[in-house]
Amino acid sequence: MFAISVDLLHGTFRGDGTGASSTGLQTRGEWPPSPSRLFGALVAADGTGSRCRVTDGSELKWFERLPPPVIHADAEPRHQVLLPRYVVEHSGKAEKNTHQEYVGRKGVEVRPGIRVAPRVPRVTYVWEAQTPSAPTLDALRLRAARIGYLGTSDSPARVRVLTRRPGVDGRSAAFTPDQNGDLAIAIPAEGDLLILDAMHEAWSERGAAVARSQFPALRHEESYRSPRPNAGTGPDRGRVVAWLRVQAPVSGRRVSVVTALFKAAVLSKYEGLFGEPPPLLHGHGFAERGYDTARFLALPDVGFRRSSGRIFGLALWLPPGQESVELKRCRDAAVSVQRLIGGGVEVRVSPYDGAERPVSVRPSRWALSSRGWVTAFPAIHERRGPVTLVEVSRWCRHAGFPAPVAFRSTRGPLIRGAVDLAPVEVNRPGRPRLPYSHVELWFKEPIRGPVVIGAGRQRGFGLCVPARATGDDKSSRQS
């Protein structure tokens, strides 16, 4: 057994895991502090290669190959949004319209982000089946003793390396690695040291012109199950590898345009980062049939009293059975997307930052378990003919879900905010025109979302929301 405990000496933690604090739109901070952040602190404590002073760096290569740990931390800490402030920009030249107290200097707005205040100021990372060698253990302890803070410099911390089961406060809870979990937490991966060294060399040569966003492959996320109720597991029906937020909502009637732009942007980013995109993403030359290609989803505001059907978010879903390397590459490509432009749409995009509002961006809105599901965007029929239970069961089977026990289908929306589209907004030029309708499905057992059915599921049509709000969404309201 191997563990690392982190005591937050000020009782608070501040870190920007997604890089979204500069937008000023965050309402929730990073929590728990990710294993990737802990790894970064260990690297910074004594450097790598010839920069090492008290170790030889081999312990970092051992650490980056560790599996995701169980994280013991406060399940519901307080998230405090910090107010922006203005500081002096040192540009090296005199400026007009200057800072009031500093002649010839310009003021720049700084957004500090979110301060997290847990009831239990300790986070513990536990690797049950891992035991370092004596030299590795000693080196890790030397590095841990040199760590002054975790996250930003106003989050001082004491870090200890343990080989016995640590004492865990009864008010803490366990965040557990789970393929079907409801959280995405960044972890280190083999090869990260090489990327960090490349970043350091680039920074040493070019200074502030180098940003971490230029190295998106450094971020790898693992699915975790949070200690919240209804965060259980289910059968593997694929997973969403990236949740994104659209900075300015777009009309739901533009769903076809938005998902097409999202797909094109992901393919472009993938090609720039890793080379030729796999058939999994673009669908050309794909040898399999059915639901085994990526789904590019637009997330609308639906299901509440004042829902408008506008698109507030995006998601990239990948089918089950994918290699972890490919999942990470697709995720890195998706979170690198910063803007969608074309077809009358021009919006900025950023990774989801854990905000409670708008509800339509929250993963829990689409990934709940429910017996009843109803379409937010109409489902495109897979073939012409009457819509029967047998036919709808066929759609569900192709989408990777069991057959429903009951359904109803109408031309118009079945839930408030669901989008009513014209044929020209559904069918693509030069493609066969297929009928479409809104559908409500009822299954024998609860099905975990996201649920997407019909012939247009790869481009966001047939996306469903729970027909009855469950779990922590019972009292939710879209802002």
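**Quick notes on the overall build of the protein chain**
Stage number 1. A tally of regular secondary structure across the protein chain gives nine helices and 21 strands.
Stage number 2. Residues classed as buried in the protein chain amount to 51% of the 479 residues present.
Stage number 3. Sequence-distant contacts, at least 24 apart, represent 79% of the contacts inside the protein chain between residues at least 6 apart.

**Structural notes on helix H1 (residues 35–46)**
Stage number 1. For H1, spanning twelve residues, the distance from its first C-alpha to its last is 18 Å, which sits close to the expected 16 Å at 1.5 Å a residue.
Stage number 2. With nine of its twelve residues buried, H1 lies for the most part within the structure.
Stage number 3. Among all positions of H1, only Pro 35, Ser 36, Leu 38, Phe 39, Ala 41, Leu 42, Val 43, Ala 45 and Asp 46 are buried.
Stage number 4. Taken from the residues just after H1, Gly 47 is the one with a positive phi, measuring 70 degrees.

**Some thoughts on the sheet that holds strand S9 (residues 172–177)**
Stage number 1. Within the open sheet, the seven strands sit side by side as S8-S1-S7-S2-S9-S11-S10. Their pairing is antiparallel. Edge positions in the sheet fall to strand S8 (157–162) and strand S10 (183–186), since each has one partner strand and no second. Adjacent strand axes in the sheet meet at a mean angle of 30 degrees when their direction is disregarded.
Stage number 2. For strand S2 (residues 70–74) and strand S7 (residues 122–127), the ladder comprises three bridges, and the chain directions are antiparallel. Paired with Ile 71 across the two strands is Tyr 125, which belongs to S7.

**Structural notes on the pattern of salt bridges**
Stage number 1. Evaluated as defined, the whole model comprises 20 salt bridges.
Stage number 2. Of the charged contacts, one joins Arg 37 and Glu 30 as a salt bridge, the two residues approaching to 2.6 Å between their closest N and O atoms.
Stage number 3. Among the salt bridges present, the one from Arg 119 reaches Asp 74, with a minimum N-O distance of 3.0 Å. Residue Arg 119 is located in the loop between strand S6 (114–117) and S7, and its partner Asp 74 is located in strand S2; the two are separated by 45 residues in the primary sequence.
Stage number 4. Within the structure, one salt-bridge network assembled from shared partners comprises Glu 382, Arg 383, Glu 391, Arg 394 and Arg 457.

**A look at the packing of helix H5 (residues 255–274) against helix H7 (residues 324–335)**
Stage number 1. Contact geometry for H5 and H7: axes closest at 8 Å, N-to-C directions at 115 degrees. The element H5 and its partner H7 pack so that their crossing is right-handed. Across the interface between the two elements, Val 266, Lys 269, Tyr 270, Leu 273 and Phe 274 from H5 touch Glu 326, Arg 329, Cys 330, Asp 332, Ala 333 and Ala 334 from H7.
Stage number 2. In terms of residue class, the contact of H5 with H7 is built from seven nonpolar, no polar and four charged.

**Side note on unusual backbone geometry**
Working note: non-glycine residues mostly have negative phi, and peptide bonds are mostly trans.
Stage number 1. A cis amide bond links Trp 31 with the next residue in sequence, Pro 32, at an omega value of -5 degrees.
Stage number 2. Put simply, Gly 449 and Pro 450 share a cis peptide bond, and its omega is 0 degrees.
Stage number 3. Relative to the assigned elements, Pro 450 resides in the loop between strand S20 (436–448) and strand S21 (464–466).

**Points about the nonpolar core**
Stage number 1. Of all hydrophobic cores here, the largest spans 59 residues; its most connected members are Val 258, Val 266, Leu 281, Leu 314, Leu 316, Leu 318 and Leu 340.
Stage number 2. At the level of elements, strand S12 (239–250), H5, helix H6 (279–282), strand S13 (295–300), strand S14 (311–318), H7 and strand S16 (345–351) are the ones that each hand at least two residues to this core.
Stage number 3. Among the elements that make up this core, the one with the highest residue count is H5 (eight residues).
Stage number 4. Apart from residues lying up to four places away in sequence, Leu 316 is in contact with Arg 239, Val 240, Val 241, Ala 242, Phe 262, Val 266, Leu 281, Ala 294, Arg 295, Phe 296, Cys 330 and Ala 334.
Stage number 5. By size, the runner-up hydrophobic cluster in this structure holds 35 residues, among which are Leu 42, Ala 144, Ile 185 and Ile 187.

**Considering the packing of aromatic side chains**
Aromatic ring pairs are described here by two measures, namely the spacing of the ring centres and the angle between the planes.
Stage number 1. Scanning all chains against the criterion turns up seven aromatic pairs.
Stage number 2. Centre to centre, the rings of Phe 2 and Trp 62 are 5.4 Å apart; their planes meet at 75 degrees, and the pair counts as edge-to-face. Here Phe 2 is found in strand S1 (residues 2–8), whereas its partner Trp 62 is found in helix H2 (residues 58–64), with 60 residues between them in sequence. Each member of the pair, Phe 2 as well as Trp 62, carries the same accessibility label: buried.
Stage number 3. Through pairs of rings, three or more aromatic residues link up here, namely Phe 2, Phe 39, Trp 62, Phe 63 and Trp 127.
Stage number 4. Positioned above the aromatic ring of Trp 317 is the side chain of Arg 295, whose terminal nitrogen or guanidinium carbon lies 3.8 Å from the ring centre.

The rules behind each value
- Residues numbered from 1 in each chain as written.
- Predicted model: local features only at pLDDT ≥ 70, side-chain atom pairs only at ≥ 80, totals over all residues.
- Heavy atoms only, no water.
- Helix = DSSP H or I, 4+ residues; strand = E, 2+ residues; numbered from the N terminus.
- Buried < 20%, exposed > 50% of the residue type's maximum accessible area, 1.4 Å probe, protein only.
- Contact = heavy atoms within 4.5 Å.
- Expected span 1.5 Å × (residues − 1).
- Pairing = 2+ DSSP bridges.
- Axes fitted to C-alpha atoms, helices over the stretch in contact; angles between N-to-C directions.
- Salt bridge = Lys/Arg side-chain N within 4 Å of Asp/Glu carboxyl O.
- Left-handed = near helix turned anticlockwise from the far one by under 90°.
- Nonpolar A, V, L, I, M, F, W, Y, C, P; charged D, E, K, R; others polar.
- Core = buried A, V, L, I, M, F, W, Y, C linked by side-chain atoms within 4.5 Å.
- Phe/Tyr/Trp six-rings, centres within 6.5 Å; stacked < 30°, edge-to-face > 60°.
- Lys NZ or Arg CZ within 6 Å of the ring centre and 35° of its normal.

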